[in-house]
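Summary of structural features
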Amino acid sequence: MEHNQPIAEKIKADNSKVFALLSHYLNQAPDFINKEEIEEIVQSGVSYEYAFGVLLAAAFGMDIVDNADDKDLFNRYFNRMIHRLGAEEYSSNPYYSHIKIPAVKIGNSELKYEQYKPFEGFVCSDIVRTEEGRQIPQIGFFDTEFKFPAILENGRIWMTITPNEIETMKEPVDQAFGNVLTYGLGLGYYAYMVSEKENVASVTVVESNEHVIDLFREYVLPQFKHADKIRIVQADAFEYAQEQMGKGQYDFVFTDLWHDVSDGMDMYLRMKEYENRSPGTVFTYWIEKSILCYL
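Residues numbered from 1 in each chain as written. Predicted model: local features only at pLDDT ≥ 70, side-chain atom pairs only at ≥ 80, totals over all residues. Heavy atoms only, no water.

Take the side chain of Thr255 next. Relative to the assigned elements, Thr255 resides in strand E11 (residues 252-255). Looking at Thr255, the relative accessible area reads 1%, which means it is buried. Apart from the residues within four sequence positions on either side, Thr255 is in contact with Tyr183, Met271, Thr284, Tyr285 and Trp286. (Helix = DSSP H or I, 4+ residues; strand = E, 2+ residues; numbered from the N terminus. Buried < 20%, exposed > 50% of the residue type's maximum accessible area, 1.4 Å probe, protein only. Contact = heavy atoms within 4.5 Å.)

On to unusual backbone geometry, then. Positive phi is not limited to glycine here, since Phe119 has a value of about 70°. For Phe119, the location among the structural elements is in the loop between strand E3 (109-116) and strand E4 (122-129). Note on Phe119: relative accessible area 0%, which makes it buried.

With that settled, the discussion passes to the pairing of strand E12 (residues 282-285). On a regular strand, one side chain projects to one face of the sheet and the next to the other, so that they alternate. As paired elements, E11 and E12 share four bridges and run parallel to each other. Within E12, the position partnered with Phe252 by the bridge is Val282. Between the parallel pair E11 and E12, the chain is carried across by helix H12 (residues 261-272), and the sense of this crossover is right-handed. (Pairing = 2+ DSSP bridges. Right-handed = clockwise from strand over helix to strand, strands pointing away.)

By the definition in use, this model includes 15 salt bridges. When the shortest N-O distance is used, the salt bridge between Lys117 and Asp31 registers 2.6 Å. Taken together, the positions of Lys117 in the loop between E3 and E4 and Asp31 in the loop between helix H1 (5-28) and helix H2 (35-42) put the pair 86 residues apart, joining distant regions of the chain. The class for Asp31 is partly exposed, based on a relative accessible area of 34%. (Salt bridge = Lys/Arg side-chain N within 4 Å of Asp/Glu carboxyl O.)

Our focus in this paragraph is the pairing of E4. As judged from the five bridges shared by E4 and strand E5 (residues 135-141), these two strands associate in the antiparallel manner. Looking at the pairing, Ser125 lines up with Gln138 of E5. Between E4 and E5, which follow one another and run antiparallel, lie five residues, and Gly133 among them has a positive phi close to 100°.

This part is about the side chain of Glu114. Among the structural elements, Glu114 can be located in strand E3. In this structure the side chain of Glu114 is engaged in a polar contact, spanning 3.4 Å, whose partner is the side chain of Lys112. Setting aside its immediate chain neighbours within four residues, Glu114 contacts Phe146, Lys147, Phe148, Ala150, Leu152 and Ile157. (Polar contact = N/O pair within 3.5 Å; in protein donor to acceptor, adjacent residues only side chain to side chain.)

The next subject is the packing of aromatic side chains. Under the definition given, this model contains 22 aromatic pairs. Relative to Phe224, the ring of Phe216 lies with its centre 5.5 Å away and its plane at 85°, an arrangement referred to as edge-to-face. Ring geometry for Tyr268 versus Tyr285: centroids 5.0 Å apart, planes at 80°, classification edge-to-face. Of this pair, Tyr268 sits in helix H12 while Tyr285 sits in strand E12, placing them 17 residues apart in sequence. Of the two residues examined, Tyr268 and Tyr285, each falls in the buried class. Three or more aromatic residues joined by ring pairs make a cluster, and in this case those are Tyr90, Tyr96, Tyr116, Phe122, Phe142, Phe146 and Phe148. (Phe/Tyr/Trp six-rings, centres within 6.5 Å; stacked < 30°, edge-to-face > 60°.)

Geometry only, nothing functional implied.
Take a look at the structure:
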């Protein structure tokens, strides 16, 4: 056991280093990499992902040729971390195909399309955990501009439907059945996708933000083919859970109340406490794998 300790500590340190580097990149300069630089490297016969990784590593000050530690980190993480995504795969998603978002404002909330620039990096799926305990973030990019629906609060992006939301909601959409409850409305992506399923009878959405509900009711819900299945309750999620989870009226619950892992951990743990009130219900949580990696 002693013998493995340094390896486990090294992996933990590697995980932390990669998260710190990526956090800085995604928050400060996600559009740092440009088409010309990528194309130049790709000409040598490598993939777009590899070229993206090389440029990212250089931006981080890593020497992946002569420094053994940097080279090791690059090979263990970057090769499994970076993904070139096809815009058509996402634009053919049912929500993207059928729901059109107008540019409107209600109160401090604004509905509009935002976009990723070509080669702008973003989180595109849940963290992948390897058998040896490495935690590999998943970073995607498009080689063309990619537009996505968003709600802004006071000019700041608050809710979106990006490839990350689409990928990380696939499982809870596939698993949903019967009478579904979802905490958090956003732009109604989850509610739309599960309402399309024949084995889903009803979708109750609990949302506290009045402006978000108004925007959704007026501009998005009328475009739903199965709008009759949707019921919106304006309430605090935890108060609703406190009052309603003991009644056993839902078959499936999906919680999506957080922006990302950092603000999600406490809410996730808090919501988990209500599971035992409704033992016959299946509970799922947005980006649960990533939250568990941090916990």
